[in-house]
Amino acid sequence: MRAIVLAGGLGTRLLPYTTVLPKPLMPVGDRPVLDIVIRQLRRDGFTRITIATGHLAELIEAFFGDGSKHGVQIDYFREEEPLGTVGSLSLIDGLDGGDFLVMNGDVLTDMSYAALMREHVDAGDATVTIAAHARTIQISLGVILLDEDDPSRLTDYVEKPTTDFDASMGVYCFSPRVLGFLDPGVRLGFPELILRLIERGEVVRAHHQQYFWLDVGRPRTTRRPRTSSVSRRCIRLDRAKSALALRRRGDDPGRASQTDSNAMTSRSARSRGRSG
């Protein structure tokens, strides 16, 4: 499977840090967010990753190289000028060969990218599937509702109301036919693309999982005490899924660990016997 990671933004919300460091290389705990993302994509079976770069592209390319250290194939597409969220897709080679995943390079989540891709493909009719996350926003004010015919007359008063909605996580699956709705080299944002697809009768679906999601692009989310635990959480999930895969193959890591422990205990006992 193939994934496109969008990592060319200026990261203006994280200034002045992103003056010298691209946002995808911002540390989350003890490692860059994009490093976590690449490891998760490899875990979920993505073997080729194209990173679309722009701002400080050379630093991202120097850090990840050809992907051999991460066990995947990594190549790059450099934007010579900003092309919006999805404009670069029209210029990346080989995307007409099958469904592919597209995601922002600053998304931190414990979702299964493989499950998202499976649901997209199994649907059979989706041009785009968007990973969605349920959010609740509370308005920290008393809200007044007014009569439409008499704007000075109240009809209701609600103290600190909440609103529930589904938010796009910045992770998507695309069918190759989406390329027919892009103009090569022309700037285009993801919202404009989705509205264009809906207007022309294409099927756009949403995918829900129960997962953690963090927008690293916000300054408060990069504070070390919180992000360190987030990084550890994602790493623990990776290890747990790797252990599950071993068990399914018949190699129980727990049994192996117990065997190693018993062997160490036996060696220690023999050593004490010789010493006595």
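Q: I tried to follow the overall build of the protein chain on my own but got confused; where do I start?
A: Regarding its fold elements, the protein chain presents six helices and 13 strands. Here the protein chain has roughly 15,400 Å² of accessible surface; of this, 51% comes from carbon and sulfur atoms.

Q: Whenever I open this one, unusual backbone geometry confuses me. Can you help?
A: Phi is mostly negative for residues that are not glycine, and the peptide bonds are mostly trans. Its identity as a non-glycine residue notwithstanding, Lys-160 has a phi of 50°, on the positive side. By the secondary structure assignment, Lys-160 is in the loop between strand S10 (154-159) and strand S11 (162-174).

Q: How should I be thinking about helix H4 (residues 190-199) in this particular structure?
A: In an α-helix, one turn spans 3.6 residues; hence positions three or four apart end up facing the same way. Residues of H4 that are buried include every one of Phe-190, Leu-193, Ile-194 and Leu-197, and no others. Taken around the axis of H4, the buried residues stretch over an arc of 95°, which confines them to a single face. Projecting away from the buried face of H4 at angles above 90 degrees are the exposed residues Leu-195 and Glu-199. Looking at the buried side of H4, the elements it contacts are strand S8 (126-138), S11 and strand S12 (203-208). Taken from the residues just after H4, Gly-201 is the one with a positive phi, measuring 85°.

Q: Can you help me understand helix H3 (residues 113-123) in this one?
A: Inspection of H3 places Tyr-113, Ala-114, Ala-115, Leu-116, Met-117 and His-120 among the buried residues, and these make up the whole buried set. Turning to H3, the residues buried within the fold contact helix H1 (33-43), strand S6 (100-104), strand S7 (107-109), S8, S11 and S12. Looking one or two residues past H3, Gly-124 carries a phi angle of roughly 80°, positive in sign.

Q: Would you explain the nonpolar core in this entry?
A: Soluble globular proteins tend to pack their nonpolar side chains together in the buried interior. By size, the foremost hydrophobic cluster in this structure holds 35 residues, and its most contacted members are Leu-41, Ile-51, Leu-101, Met-103 and Val-171. Sort the elements by how many residues they give to this core and H1 lands first, with six residues. If near-sequence neighbours (up to four positions away) are discounted, Val-171 is found in contact with Leu-101, Val-102, Met-103, Val-107, Met-111, Tyr-113, Leu-116, Thr-129, Ile-130 and Ala-131. Of all hydrophobic cores here, the second largest spans 22 residues; its members include Ile-4, Val-102, Val-178 and Ile-194.

Q: Would you explain the confidence of the model for the protein chain in this entry?
A: Should the pLDDT be low somewhere, the predicted coordinates at that spot are not to be read in detail. Looking at the protein chain, the pLDDT average stands at 81 and 73% of residues meet or exceed 70. Confidence drops under a pLDDT of 50 for residues 251-276, and excluding neighbours within four residues, the segment shows seven contacts in the predicted structure.

Q: Quick question: what am I supposed to make of the packing of aromatic side chains here?
A: The description of an aromatic ring pair uses the distance of the two centres, along with the angle that the planes make with each other. According to the stated counting rule, one finds five aromatic pairs in the structure shown. A ring pair is formed by Phe-100 and Phe-174, whose centres lie 5.7 Å apart and whose planes are at 5°; its orientation type is stacked. Residue Phe-100 is found in strand S6, and its partner Phe-174 is found in strand S11; the two are separated by 74 residues along the sequence. Across this residue pair, the class does not change: Phe-100 and Phe-174 are buried. Ring geometry for Tyr-172 versus Phe-190: centroids 3.8 Å apart, planes at 20°, classification stacked. With Tyr-172 in strand S11 and Phe-190 in helix H4, the pair connects residues that are 18 residues apart, well separated along the chain. For the pair formed by Tyr-172 and Phe-190, the shared burial category is buried. A connected cluster of aromatic rings, assembled from ring pairs, spans Phe-100, Tyr-172, Phe-174 and Phe-190.

Here is what the cut-offs are and how they apply
Residues numbered from 1 in each chain as written. Predicted model: local features only at pLDDT ≥ 70, side-chain atom pairs only at ≥ 80, totals over all residues. Heavy atoms only, no water. Helix = DSSP H or I, 4+ residues; strand = E, 2+ residues; numbered from the N terminus. Areas by Shrake-Rupley, 256 points an atom, 1.4 Å probe, with all protein chains shown as cover. Buried < 20%, exposed > 50% of the residue type's maximum accessible area, 1.4 Å probe, protein only. Arc of directions from axis to C-beta. Contact = heavy atoms within 4.5 Å. Core = buried A, V, L, I, M, F, W, Y, C linked by side-chain atoms within 4.5 Å. pLDDT = per-residue confidence, 0-100. Phe/Tyr/Trp six-rings, centres within 6.5 Å; stacked < 30°, edge-to-face > 60°.

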